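Below are the chains, spelled out letter by letter.
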Amino acid sequence: MKTIATCVEEILVTQPFLEEALSRSIINFSALAEELQTPISVMLRKPVKTGAIMMALRRYNPPKDLRHSNKLKAVLKHLGDITVRSNLIDFTFQNSKTLVNSHSKILESIDTNIFYGFSRGIHESNMVISATEKQKIQEHFKNETMIGLQENLSAISIRLPENNSKVSGLYYQIFKRFAWEGISLYEVISTTNEFTVLVEDHLVDKAFSAIKRLN
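Residues numbered from 1 in each chain as written. Predicted model: local features only at pLDDT ≥ 70, side-chain atom pairs only at ≥ 80, totals over all residues. Heavy atoms only, no water.

Student: Break down the packing of aromatic side chains for me, with residues and values.
Tutor: Under the criterion given, the structure shown has four aromatic pairs. Measuring from ring centre to ring centre gives 4.5 Å for Phe93 and Phe141, while their planes differ by 20 degrees; the resulting arrangement is stacked. Taken as a pair, Phe93 in strand β1 (residues 82-94) and Phe141 in the loop between α7 (134-140) and β4 (146-159) lie far apart in primary sequence, 48 residues in all. Overall, Phe93 belongs to the buried group, its relative accessible area being 4%. (Phe/Tyr/Trp six-rings, centres within 6.5 Å; stacked < 30°, edge-to-face > 60°. Helix = DSSP H or I, 4+ residues; strand = E, 2+ residues; numbered from the N terminus. Buried < 20%, exposed > 50% of the residue type's maximum accessible area, 1.4 Å probe, protein only.)

Student: Explain the packing of helix α1 (residues 4-13) against helix α4 (residues 50-59) to me, using residue names and the numbers behind them.
Tutor: Running from amino to carboxyl end, α1 crosses α4 at an angle of 65 degrees, the nearest separation of the two axes being 9 Å. Pair α1 / α4 crosses with right-handed handedness. Across from Ile4, Ala5, Val8 and Leu12 in α1, the residues of α4 making contact are Ala52, Ile53, Ala56 and Leu57. Looking at the contact of α1 with α4 residue by residue, the classes come out as eight nonpolar, no polar and no charged. (Axes fitted to C-alpha atoms, helices over the stretch in contact; angles between N-to-C directions. Left-handed = near helix turned anticlockwise from the far one by under 90°. Contact = heavy atoms within 4.5 Å. Nonpolar A, V, L, I, M, F, W, Y, C, P; charged D, E, K, R; others polar.)

Student: Please provide a residue-by-residue account of unusual backbone geometry, values included.
Tutor: You will see that Arg45, though not glycine, has its phi angle at about 60 degrees, which is positive. The residue Arg45 is located in the loop between α3 (29-44) and α4 in this model. Not every positive phi belongs to a glycine, and Asn87 is a case in point at roughly 60 degrees. The class of Asn87 is partly exposed, set by a relative accessible area of 47%.

Student: I'd love a proper account of empty space enclosed by the protein, names of residues and values included.
Tutor: Summed over the entire model, instances satisfying the criterion amount to one cavity of 30 Å³ or more. Looking at the largest cavity, its volume works out to about 40 Å³. In this structure, the largest cavity is lined by Gly117, Phe118, Ser119, Asn126, Val128, Glu187, Val188 and Ile189. Broken down by secondary-structure element, the contributors of at least two residues to the lining of the largest cavity are β2 (116-120), β3 (124-130) and β5 (187-191). Partitioned by chemical class, the residues of the lining of the largest cavity number four nonpolar, three polar and one charged. (1 Å grid on protein atoms, 1.4 Å probe; cavity = no way out; pocket = protein on both sides within 12 Å on 5 of 7 lines; lining within 4 Å. Points joined across faces, edges and corners; volume = space filled by probe spheres on them.)

Student: Tell me about the sheet that holds β2, residues and numbers included.
Tutor: One open sheet holds the six strands; their spatial order is β2-β3-β1-β4-β6-β5, and the pairing between them is antiparallel. The open sheet has two free edges, formed respectively by β2 and β5, since each of these has just one partner strand. Across this sheet, the average inter-strand angle for adjacent strands is 25 degrees, counted without regard to direction. Across five bridges, the pairing between β2 and β3 is antiparallel. Note that in β3 the partner of Arg120 across the bridge is Ser125. Across the sheet, helix α6 (residues 99-109) touches β1, β2 and β3, and the angle it forms with β2 is around 170 degrees. Across the sheet, helix α8 (residues 170-180) touches β5 and β6 (194-200), and the angle it forms with β6 is around 15 degrees. (Pairing = 2+ DSSP bridges.)

Below, the structure written as structure tokens:
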């Protein structure tokens, strides 16, 4: 049987930003209770008073595993080098039988020192590369269907500690920081021990500062 407390927990679990704000005591309980009154009344199929919701909010304790928390803090504290590369272009092509051949031509012709990233999805593929290679891309991919092109991008790459994949919540902390500061990500590239975000040039300083504050 559902209670006001279980309804509050169900709502907060699906809204991690709200849950965190509540745990840090930076939210108005009265205002939140009024906002939750209607959805909780619907969930319980009966009218609910805001006072009862406020009591449930004050008693709510988000689940917390101390060992996990310490692991996450340790990983964030030991983030590796942060590298910024600017003057990048992001190409999006529709997948085709010839796309791999076009891609191989680029690999044979580009300088190994330039920034380059490639990812293939079910229906489309993305290529992030230095703007100096734009003409080569357009030439080698002239028979492919380009469905997206974005210039004036910068990449911020973070070296992650080994075994970072064993710590849950790491990427959430990174994405949360960007969301809190209103930074929109154009693209995300991830390998086992490296994480790269692509942002528009005018956001690169703000994004870099956000990452630096993670630890």
